[in-house]
Amino acid sequence: MTRKINFGAGPAKIPESVMEKAASEFMLFGNTGVSILEMSHRSADFTAIIEETKALLRELMQIPDNFEVLFMHGGGTGQFAASSADYLVTGSWSDKAFKEAQKYLDARRVFPQVKPITTVPPVDKWERNPDAAYLYYCANETIHGIEFFDAPETLPGVPLVADISSTFLSRPFDFTNHGVVLGGTQKNLGAAGLTVAIVRKDLIGHEMTITPSVLSYKISHDNNSVYNTPSVYSIYITNLVLKWIKEKGGAAKLWEINTQKANQIYEIIDGSNDFYHCPIDKKHRSLMNLPFRIGGPNGDEALEKEFLAEATANGMIGLKGHRSVGGIRASLYNAITIEETAELAKLMTEFQQARQK
Ligand code: PMP
């Protein structure tokens, strides 16, 4: 059995060299005599891994000194700072965050819900609350394929909270105006189970009194991310992925490669006379998750099924669109190579030719 090309949205492809390294030291980590999986999360050896992983993230993401890096559990949705917040809902994930926030605080939509969502409404149509504790946005909607390439405009004194689960280190990230930048690691940074929260120092310690301890930035910070047992193996895998990213040339280089990869596919879509159709506004088209329909704007489900079957027959998996939007979705995270993307491009070209003879 050979490895398939995995275009899945997450958990997603991890670089081969990272998995080979992890496999080689699975039973015996360094000269500890045990596996990473068997080691105390408070041991000196594991503390060194935490410290190194944080330092690598700081270096590669150019995290400003006034931010802390925390390794946490369970996503960011339970962590709220105050009584009112604004939400830019641009797809399923920001919608989920908004609905979760409503349980705890006065969360408001900045613009009304539109369906289907294909762009971000212009800022003059936004209704922002100057007293909001933060303005939340999802840097890249993994299901809808809508990406913010520039951070949204926020009102003075209202920090941005960004969910970067599907864009971690896929391109440089500007921390200006941000208060919290968070995401899971299972797409661009390794394995599932680890949540990274990058929090401006002055915001730590202002959480609601009902905040569970495992979701408290203050408790996490005061305990160097080991208040309770963290996802030790995921931290280790992220450590290896960060070293791989560094070797590749960092976020700027990955951005260049990711742009080339996405362009290969978008060019085919745009040159297909609507055989392939991507509904997303060009200035917000995601570099990481490319959703499209086959057989016209509404998609032809039979044709899409045939396409997925041909992809599988050619060793490509994970291309089925999310059930809420249908169609096809190609996820081109950092670990996917230009050559692997070219295989998908080739399949798309040949599939159209064969169906339109
Ligand atoms: N935000 C985004 C942008 C996502 O893509 C996902 C998962 N696909 C989540 C949040 C939720 O992540 P988790 O399943 O780790 O809670």
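Residues numbered from 1 in each chain as written. Predicted model: local features only at pLDDT ≥ 70, side-chain atom pairs only at ≥ 80, totals over all residues. Heavy atoms only, no water.

The next subject is helix α7 (residues 301-313). Here α7 is 13 residues long and its end C-alpha atoms lie 18 Å apart, about the 18 Å a rise of 1.5 Å per residue gives. Packing partners of the buried residues in α7 comprise β11 (276-277), β12 (289-294), β13 (316-317), β14 (328-331) and α8 (338-355). The opening residue of α7 is Asp300, an N-cap whose side-chain oxygen sits 3.0 Å from the backbone nitrogen of Ala302. Remark: Gly315 follows α7 within two positions and exhibits a positive phi of approximately 80°. (Helix = DSSP H or I, 4+ residues; strand = E, 2+ residues; numbered from the N terminus. Expected span 1.5 Å × (residues − 1). Contact = heavy atoms within 4.5 Å. Polar contact = N/O pair within 3.5 Å; in protein donor to acceptor, adjacent residues only side chain to side chain.)

Take the side chain of Asn289 next. Along the chain, the position of Asn289 falls in strand β12. Note on Asn289: relative accessible area 0%, which makes it buried. There is a polar contact of 2.9 Å between the side chain of Asn289 and the side chain of Tyr333. (Buried < 20%, exposed > 50% of the residue type's maximum accessible area, 1.4 Å probe, protein only.)

Close contacts around the ligand come from Trp93, Cys138, Asn140, Thr142, Asp163, Ser165, Ser166, Gln186 and Lys187, and that covers them all. Separating a nitrogen atom of the ligand from a side-chain N or O atom of Lys187 is a distance of 2.8 Å. Protein burial of the ligand: of its 400 Å² of free accessible surface, 68% is covered by the chains. Looking at the shell around the ligand, its residues break down into two nonpolar, five polar and two charged. (Near = heavy atom within 4 Å. Areas by Shrake-Rupley, 256 points an atom, 1.4 Å probe, with all protein chains shown as cover. Nonpolar A, V, L, I, M, F, W, Y, C, P; charged D, E, K, R; others polar.)

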